Amino acid sequence: MATAAKKSVTTGTTKPAETSASAGPHMRFHHSQALRDKADAVLAALENTPADTRHGAAVAELVAELTQAGMDYYFLKALRRAQVGMLAEQSARLAMAGAVKLVSTVSRKYLVGMNQTQLLQVAAHMRDLSR
């Protein structure tokens, strides 16, 4: 199947077109209903009142929580299932906490500085991921 392409106005080169999160193979993770409800509330607030300057911080907090949930689902849950032992699991949990903190710090820097149009694009991407 051919991939759609877009021609760049500035360079005249062709690059693959952006596709929705549902296109192609993917892996998603399960998380709590409470986190889903929070995500829906944060994204709805952003979509309903995009000019509110507090949305960047709220989206950054949500991204941090989703990152933690994803790390737990993809990595730590697998370790528990493999029964690697309590010490190995605790070491991995500590390493994952450090990784999540780093990713959260970097993503917060960018998300808090985004304008409303950019945040709405992030929200649209997050909505695509949750479908």
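Keep in mind that this is a model prediction, so the values were computed, not measured. (Residues numbered from 1 in each chain as written. Predicted model: local features only at pLDDT ≥ 70, side-chain atom pairs only at ≥ 80, totals over all residues. Heavy atoms only, no water.)

Asker: Which residues make up the pattern of salt bridges, and what values go with them?
Answerer: Oppositely charged side chains are able to pair whenever their charged atoms sit close together. Summed over all chains, the structure comprises 11 salt bridges. E61 is the partner of K38 in a salt bridge, and the nearest nitrogen-oxygen pair spans 2.6 Å. Taken as a pair, K38 in helix α1 (residues 33-48) and E61 in helix α2 (residues 55-82) lie far apart in primary sequence, 23 residues in all. Note that K38 and E65 form a salt bridge whose closest N and O atoms lie 2.3 Å from each other. With K38 in helix α1 and E65 in helix α2, the pair connects residues that are 27 residues apart, well separated along the chain. We classify E65 as partly exposed; its relative accessible area is 31%. (Salt bridge = Lys/Arg side-chain N within 4 Å of Asp/Glu carboxyl O. Helix = DSSP H or I, 4+ residues; strand = E, 2+ residues; numbered from the N terminus. Buried < 20%, exposed > 50% of the residue type's maximum accessible area, 1.4 Å probe, protein only.)

Asker: Tell me about unusual backbone geometry, and please be specific about residues and values.
Answerer: Notably, Q83 is not glycine yet its phi reads approximately 55°, a positive angle. Relative to the helices and strands, Q83 is located in the loop between α2 and α3 (86-112).

Asker: If you had to explain the environment of V84 to someone new, which residues and values would you point to?
Answerer: Relative to the helices and strands, V84 resides in the loop between α2 and α3. Of the residues examined, V84 reaches a relative accessible area of 39% and is grouped as partly exposed. With sequence-adjacent residues up to four places away left out, V84 is seen in contact with L79 and E89. (Contact = heavy atoms within 4.5 Å.)

Asker: An account of the confidence of the model for the protein chain is needed here, citing residue identities and associated values.
Answerer: Summing up the model confidence of the protein chain, the mean pLDDT is 86 and the portion of residues at 70 or higher is 83%. When pLDDT is averaged over each helix and strand of the protein chain, the minimum, 41, is found for strand β1 (residues 5-7) and the maximum, 97, for α1. (pLDDT = per-residue confidence, 0-100.)

Asker: Outline a nonpolar patch on the surface, supporting the account with residue identities and numerical values.
Answerer: A contiguous nonpolar surface patch, about 330 Å² in accessible area, is contributed by M27, Y74 and F75. Summarising the element assignment, Y74 is placed in helix α2. The exposure class of Y74 is partly exposed, given its relative accessible area of 34%. (Patch = residues over 30% accessible without salt bridge, like charges linked within 9 Å, V, L, I, M, F, W, Y side chains within 5 Å. Areas by Shrake-Rupley, 256 points an atom, 1.4 Å probe, with all protein chains shown as cover.)

Asker: How would you explain the packing of aromatic side chains if you had to name every residue and give the values?
Answerer: Scanning the model with the defined rule gives 3 aromatic pairs in all. Between F29 and Y74, the aromatic rings sit 5.9 Å apart at their centres with planes inclined by 70°, giving edge-to-face as the arrangement. With a gap of 45 residues between them, F29 in the loop between β2 (14-16) and α1 and Y74 in helix α2 connect regions that are remote in the sequence. By relative accessible area, which is 25% here, F29 ends up partly exposed. Measuring from centroid to centroid gives 5.7 Å for Y73 and Y74, while their planes differ by 85°, and the two rings are edge-to-face. For Y73, a relative accessible area of 23% gives the class partly exposed. Each member of the aromatic cluster is reached from another via a ring pair, and the members are F29, Y73 and Y74. (Phe/Tyr/Trp six-rings, centres within 6.5 Å; stacked < 30°, edge-to-face > 60°.)

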